[in-house]
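Residue-level structural notes
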Amino acid sequence: MIVDTHAHYDDEVFDPDREKLLGSMQENGIEKIVNVCASVDGLNDTVKLMEEYSFIYGAVGVHPDDAGKMTQETLDEIRRLSCLDKMVAIGEIGLDYYWHKEDEEHKIQQEMFRAQMDIAREQKLPFMIHSRDAAQDTMDIVKKYMNKGMYGGIIHCFSYSREIAREYLNMGLYLGIGGVVTFKNAKKLKETVLYAPLSQLVLETDCPYMSPEPNRGKRNSSLNLPFVAKAIAEIKGITPEEVISATRENTKRLLGI
Ligand code: NI
């Protein structure tokens, strides 16, 4: 049974068939799913999914894309929702300098990233990080927090070098591995997956994005995770079953589900 640690089923591209799709998960070997908040306006959509489906859990937080829209009220709401039983992490939070190039935007992103890391510590929850083109600043902030004590975390859709992976792994953090690992040109990620201990990897889709081969470019869903498990298994020279059972154990250890 597979656990998807990072999905966005509240996305409107699932509107036409969400119920049918989610209804087919368990019979197809998807045991549990963590639906991850991203936008300021979407926080309650994850709560709804958690309430509706026994196998869906939540992560609450706001993506750096939306950092500029956040207010004290947003932070209060995140803190409030993080107390819900099925809320297992704070995410996705972090820095994205690929879409946002202005210094002023970076400052706001950093401020909101820190504010949400504070909530993770306060609520004793792991964090889920999104980081794109912001390797150094993300590392600096994460390191500072880890030094003063946190409750673990996942670097989601890990896209940096093996050297950066090593630093996160040494801090005891997990790497979220998704569809990209199946791409022919993903040399850097394949190196990282080979290097990283299996005990620090978790499976994720980031659906509707990041569909693995052979479904690259199409809408993604948790049903594609066997392709990701197979790619990791090939890189590490083990069976897909070993990947699935180890990543499931890792998720249990970190997120308690
Ligand atoms: Ni995501």
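This text follows the structure it describes.
Below: a short report on this structure. (Residues numbered from 1 in each chain as written. Predicted model: local features only at pLDDT ≥ 70, side-chain atom pairs only at ≥ 80, totals over all residues. Heavy atoms only, no water.)

1. Quick notes on the coordination of the nickel ion
Cut-off, in case you're wondering: Because water is not among the atoms used, a metal site may look incomplete, as its donors are only the N, O and S atoms within 2.8 Å, or 3.2 Å for Na, K and Ca. Only two sets of limits are used to name each site, 85 to 135 degrees for every angle of a tetrahedral four-donor site, and over 155 degrees for opposite donors with all other angles from 65 to 115 for a square planar four-donor or octahedral six-donor site, with any other site named irregular. Helix and strand assignments come from DSSP, with helices taken as H or I runs of at least 4 residues and strands as E runs of at least 2, each series counted from the N terminus.
Those protein atoms acting as donors to the nickel ion are His 6 (NE2), His 8 (NE2), Glu 92 (OE) and Asp 206 (OD), and they sit at 2.1 to 2.2 Å. Each of the 4 donor atoms bound to the nickel ion contributes to angles spanning 87 to 171 degrees, and the resulting shape is irregular. Taken in chain order, the donor set of the nickel ion reads H-x1-H-x83-E-x113-D. Residue His 8 is found in the loop between β1 (2–7) and α1 (18–23), and its partner Asp 206 is found in the loop between β8 (201–203) and α8 (225–236); the two are separated by 198 residues along the sequence.

2. Some details on the packing of α8 against helix α9 (residues 240–255)
The following threshold applies: Axis lines are fitted to C-alpha atoms, over the contacting stretch for helices. Their N-to-C directions set the angle, which ranges from 0 to 180 degrees. For classification, angles of less than 35 degrees are called roughly parallel, those exceeding 145 degrees roughly antiparallel, those between 65 and 115 degrees roughly perpendicular, and all remaining angles oblique. It only takes one pair of heavy atoms within 4.5 Å for two residues to be counted as in contact. Basically, the charged four are Asp, Glu, Lys and Arg, the nonpolar ten are Ala, Val, Leu, Ile, Met, Phe, Trp, Tyr, Cys and Pro, and anything else, Gly included, counts as polar.
Across the interface, α8 lies against α9 with an axial gap of 8 Å and an inter-helix angle of 110 degrees. The pairing of α8 with α9 is recorded here as roughly perpendicular in orientation. Taken together, the residues of α9 that come into contact with α8 (itself represented by Ala 229, Lys 230, Ile 232 and Ala 233) are Pro 240, Val 243 and Ile 244. Across the contact of α8 with α9, the residue classes tally to 6 nonpolar, no polar and 1 charged.

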